[in-house]
Amino acid sequence: MDMEEKAKYGEPKKYDPDFKGPIQNRGCTDIICCIFFIVAIVGYIAVGILAWTHGDPRKVIYPTDSMGQYCGQGNLEKKPLLFYFNMMKCASPMVLLEFQCPTPQVCVEKCPNRTMTLVKAVLNPFDWKEYKPFCREDPGQKPVTQILQEKLCPAYLISSKPFLQRCFPSLGKKGEVITVGDQETFNDGKTTRNAKDLVAGMKNATIVMEGRQVAMKIFEDYTKSWYWILICLLIAVVLSLIFIVLLRYLAGIMVWVMIIMVIAVIAYGIAHCSVKYVNMKDSAGSNITLQQLGFQPDFSVYLHIRQTWLAFIIILAILELIIILLLIFLRNRIRIAVELIKEASRAIGYVMSSLFYPIFTFFLLTIVIAYWGVTAVFLSTSSEPVYKVFNETECSYARQTCIPENYSLSAMKKDCPQSECLFAFYGGETPYHKYLIVLQFYNVFLFFWCANFVTALGQMTLAGAFASYYWALKKPDHIPAFPLCASLGRSLRYHTGSLAFGSLILAIVQIIRVLLEYIDHKLKGAENKFAKFLLCCLKCCFWCLEKFIKFINRNAYIMVAIYGKNFCRSASDAFMLLMRNVIRVVVLDKVTDFILFLGKLLIVGLVGIFAFFFFSGQTDAFKGAAPSLHYYWVPILTVLVGSYLIAHGFFSVYAMCVDTLFLCFLEDLERNDGSPERPYLMSDNLLNVLKKKNQAN
């Protein structure tokens, strides 16, 4: 880059004899943003207290009867199951809109094990004793007609079984004929009906709860496999530590071994998938397409389809090809990246505590995520029970809100004698409930802001520590004591505002991306091609913007850690410095990032292969020890994600060290010239890579 082009991106740094690393005498930066952040945190705590005061997570855990009471809780502790008076009413499309069947519902101790009608049950004391627990209240000596008119008891009982804490008819089959309790028909108190009439009602009620069923199975799998998941994650921690220690002493060999092993792991994945694909050639039902199969709650079904394994083969083959092509074109640059990693290894060797800093970051992020999750659950369950008018025939008051306590004396009941005031859903008309969506939005926004702040704090802390190493004239004598703690103290004391400023910009972009995803979800059924195209362009632009802001923020935090200037000035200085050395940025920094990414991929691949063979039970050695699971992909996916996060945590220290050293030696090249008065502070190996040298005194 010539001098004229360099002038576009600011003047190069000049020699400063007093500069010896991160400035100690500095002042507070971006104070206004710091104040805003503190106020926002106080507001976030207030939202949490408000949500915890009004919320009740039981609303999403336990079924609710027609009076809004929780089955299996409080006075109904011994009645954990929900019973529907008339299951066929659940066939109404309103079930899918309001998540409630328009029929009285009561909490019961057990489901009925016999099919009988109210008319016959009242004539037999033994039958009546079995029938009464399914009534809303004791009908006393009232006649059958009055009991049915007031809907105190169901007109009939059907032999049922508990499913998802609800009583569903025990449907079976005799050949092609649907039966209930071994009978093809049942009496609903008025007429004899076919058992197949119950199917539609059961289907709608099941659709409403199918998601909960999958969630409960996944939760059960976690309760059975959590111990083994932790062992797999511990293996990932050990592998990451071993890898980092080996990088410290065998960086060159380890990089090439890592590259070869990544290629080998992916090649094994291709071979394994290919064997599965070939072996399933003659299997019954394996040749149907994924489109024909559709969505299945049991995801293991997809592994019995050849097309699934073909998709795995294609994805892994493309990944393998990309990695090989990149290695071919960048083979001459890998040596430079190896030297940069060696220098980073030496820096981490002098600041060993930096390897454990990700644990602190992980701890803070866990608090942020837990607070957001708990607040979101309490906010979503802080509504009040809403009761609506349900009627079997046409009624002008249908779907209107009502009060169950005095409904029998209301005008609605007089105009629609057959109507009932039943629990419909949770909502509310108070100002708190009206602005509930605003509180949820605030909760999500503060989650992004706080999570970005924690990540930024880690980046600035590590940058300050590694900058102290680089600018020390004599290593390790001139490296300050406890550089990591000193850097953390400077970051919190002087630069909370700068951290909050950079995090705020990123959080705004991220919340816009969330809103775009929400709009895209809502427009999935729309036919407006232009709207879809525009939305796709916006999503792509904001994704790129988020990546760019993360890049700028990261380098800005390094400059703040070194010079103590405000966020905007630091971001500008970092960007100008990088643009003055744009070729080196691409060659050194990005190639190093790619090599570190391969290291993460290797650790995830090794742990993932072990987890697959263990939890899937496809190896005889693990068959006795592996737990019995509904979905064995649940712990495998958890291990893969957890292993990546663990590897990312350890390798992020290396990545931050490389980025910090990279900016430092770019400044070193601009500040110094290798003369005895202005010697380069980088290592001899880096000097050789860059074809520079210090002149002898």
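Here the structure is shown first, and the text comes after it.
Explain the overall build of the protein chain here, please?
Looking only at helices and strands, the protein chain has 22 helices and twelve strands in total. Per-residue burial over the protein chain gives 46% buried out of 697 residues. If you take every contact in the protein chain between residues at least 6 apart in sequence, the share linking residues at least 24 apart comes to 72%. For the protein chain, the computed accessible surface area is about 36,300 Å², with 65% contributed by carbon and sulfur atoms.

Please explain the pairing of strand β1 (residues 81-84) as it appears in this structure.
Here is the key point about a regular strand: its side chains alternate between the two faces of the sheet. Residues L81 and F83 line one face of β1 and the alternating positions L82 and Y84 line the opposite face, and both faces are buried. Of the pairings in the sheet, the one linking β1 to strand β2 (residues 105-108) comprises four bridges and is antiparallel in character. Within β2, the residue paired with L81 across the bridge is V108.

It is not clear to me how the layout of surface pockets should be interpreted in this structure. Could you clarify?
Put simply, the largest pocket is a space of about 1,900 Å³. Lining the largest pocket are 46 residues, with L365, T455, Q459, H648 and S652 positioned closest to its centre. Those elements that provide at least two residues to the lining of the largest pocket are α8 (197-279), α12 (357-380), α15 (436-470), α17 (496-522), α18 (529-563), α20 (582-616) and α21 (633-671). In terms of residues, the lining of the largest pocket owes the most to one element, α21, which gives eleven residues. Tallied by class, residues from the lining of the largest pocket come to 25 nonpolar, 13 polar and eight charged. What the second largest pocket holds in volume is close to 1,100 Å³. Looking at the second largest pocket, it is lined by 31 residues, and the ones nearest its centre are F312, L316, F612, I636 and L640. Looking at the lining of the second largest pocket, the elements that each hand over two or more residues are α8, α10 (306-329), α20 and α21.

Teacher, can you tell me more about empty space enclosed by the protein here?
Gaps left between atoms show up when a probe the size of a water molecule is rolled over them. In this structure the tally under the stated criterion is two cavities of 30 Å³ or more. Quantified by volume, the largest cavity comes out at close to 110 Å³. Lining the largest cavity we find twelve residues, and of these F83, Y84, M87, I158 and P169 sit closest to its centre. At the level of elements, β1 and β6 (166-169) are the ones that each hand at least two residues to the lining of the largest cavity. Looking at side-chain class alone, the lining of the largest cavity contains ten nonpolar, two polar and no charged residues.

How should the packing of α15 against α21 be read in this particular structure?
When two helices pack together, you describe them by how their axes are tilted relative to each other and by the distance separating the axes. It is at 9 Å that the axes of α15 and α21 come closest, and there the two elements cross at 50°. With respect to α21, the element α15 is oriented oblique. In this structure, the crossing between α15 and α21 has a hand that is right-handed. Contact residues: Q459, L462, A463, F466, A467, Y469 and Y470 in α15; V653, M656, C657, T660, L661, C664, F665 and D668 in α21. Here the contact of α15 with α21 is built from residues that sort into twelve nonpolar, two polar and one charged.

Teacher, can you tell me more about the pattern of salt bridges here?
Opposite charge on two side chains permits them to pair, given that their charged atoms come into close proximity. Counting across every chain of the model gives ten salt bridges. Here E546 makes a salt bridge to K550, at a shortest N to O gap of 3.5 Å. Note that E546 and K550 are positioned in helix α18 at a spacing of four residues, about one turn of the helix. On the accessibility criterion, E546 (7% relative accessible area) is buried. Judged by its relative accessible area of 35%, K550 falls in the partly exposed class. Its salt-bridge partner being R569, residue D573 comes within 3.6 Å of it at the nearest N-O pair. Pair noted here: D573 and R569 are both in helix α19 (residues 567-580), with a separation of four residues, about one helical turn. Look at the salt bridges and you will find they share partners, linking R114, D127 and E130 into a network.

How do you make sense of α18 when you look at a structure like this?
Residues spaced three or four apart along an α-helix face the same direction, because each turn holds 3.6 residues. Over its 35 residues, α18 runs 51 Å from end to end, which matches the ideal 51 Å to within 8%, given 1.5 Å per residue. Where α18 terminates, the next one or two residues include G564, which has phi positive at roughly 75°.

Hey, could you run me through the nonpolar core in this one?
The tendency in soluble globular proteins is for nonpolar side chains to be buried side by side. By size, the foremost hydrophobic cluster in this structure holds 117 residues, and its most contacted members are L247, V255, Y470, F615 and F665. The residues touching V255, leaving out its near neighbours within four places in the chain, are L247, I334, V338, I341 and I595. In terms of nonpolar packing, the next biggest core, distinct from the first, is built from 18 residues, F83, F85, L118 and L152 among them.

Just checking my understanding: could you explain the state of the cysteines for this structure?
Enumeration over the complete set of coordinates arrives at three disulfides. Here C71 engages in a disulfide with C107; their sulfurs sit 2.0 Å apart. An S-S torsion of about -80° defines the bridge between C71 and C107 as left-handed. One end of the pair, C71, is in the loop between α3 (58-61) and β1; the other, C107, is in strand β2, and 36 residues separate them in sequence. Each of the two residues, C71 as well as C107, counts as buried. The disulfide partner of C111 is C167, and the S-S distance across this bridge is 2.1 Å. Here the disulfide of C111 and C167 is left-handed, its torsion about the S-S bond being about -90°. Highlighted residues: C111 in the loop between β2 and β3 (116-117) and C167 in strand β6, separated in sequence by 56 residues. The residues C111 and C167 share a single accessibility class, namely buried. Cysteine C537 is unpaired, with the sulfur of C536 as its nearest cysteine sulfur at 5.9 Å. Of the residues examined, C537 reaches a relative accessible area of 31% and is grouped as partly exposed.

Even after reading the chapter, I still don't get the environment of C111, so can you show me in this structure?
Given the relative accessible area of 11%, C111 is considered buried. Separated by 51 residues in sequence, C111 and P162 have C-alpha atoms that sit 6.4 Å apart.

Honestly, the environment of Y44 in this entry has me stumped. Any pointers?
You can see Y44 is positioned in helix α2 (residues 31-54). When the C-alpha atoms of Y44 and L439 are compared, they prove to be 9.3 Å apart, with 395 residues separating the residues in sequence. Leaving out residues up to four positions away in the same chain, Y44 has contacts with Y371, W372, Y442, N443, L446, F447 and C450.

Even after reading the chapter, I still don't get the packing of aromatic side chains, so can you show me in this structure?
Between two aromatic rings, the relevant description is the distance of the centres plus the angle of the planes. A full pass over the atoms with the stated rule returns 19 aromatic pairs. Ring centres of F447 and F448 lie 5.6 Å apart, and the angle between their planes is 50°; on these two criteria the pair is classed as tilted. By relative accessible area, which is 16% here, F447 ends up buried. The class of F448 is buried, set by a relative accessible area of 17%. Over the aromatic face of Y277 sits the side chain of R306, whose NZ or CZ is 4.0 Å from the ring centroid. Residue placement shows K565 over the ring face of Y563; its charged tip is 5.6 Å from the ring centre.

Analysis parameters
Residues numbered from 1 in each chain as written. Predicted model: local features only at pLDDT ≥ 70, side-chain atom pairs only at ≥ 80, totals over all residues. Heavy atoms only, no water. Helix = DSSP H or I, 4+ residues; strand = E, 2+ residues; numbered from the N terminus. Buried < 20%, exposed > 50% of the residue type's maximum accessible area, 1.4 Å probe, protein only. Contact = heavy atoms within 4.5 Å. Areas by Shrake-Rupley, 256 points an atom, 1.4 Å probe, with all protein chains shown as cover. Pairing = 2+ DSSP bridges. 1 Å grid on protein atoms, 1.4 Å probe; cavity = no way out; pocket = protein on both sides within 12 Å on 5 of 7 lines; lining within 4 Å. Points joined across faces, edges and corners; volume = space filled by probe spheres on them. Nonpolar A, V, L, I, M, F, W, Y, C, P; charged D, E, K, R; others polar. Axes fitted to C-alpha atoms, helices over the stretch in contact; angles between N-to-C directions. Parallel < 35°, antiparallel > 145°, perpendicular 65-115°, else oblique. Left-handed = near helix turned anticlockwise from the far one by under 90°. Salt bridge = Lys/Arg side-chain N within 4 Å of Asp/Glu carboxyl O. Expected span 1.5 Å × (residues − 1). Core = buried A, V, L, I, M, F, W, Y, C linked by side-chain atoms within 4.5 Å. Disulfide = S-S within 2.5 Å. Phe/Tyr/Trp six-rings, centres within 6.5 Å; stacked < 30°, edge-to-face > 60°. Lys NZ or Arg CZ within 6 Å of the ring centre and 35° of its normal.

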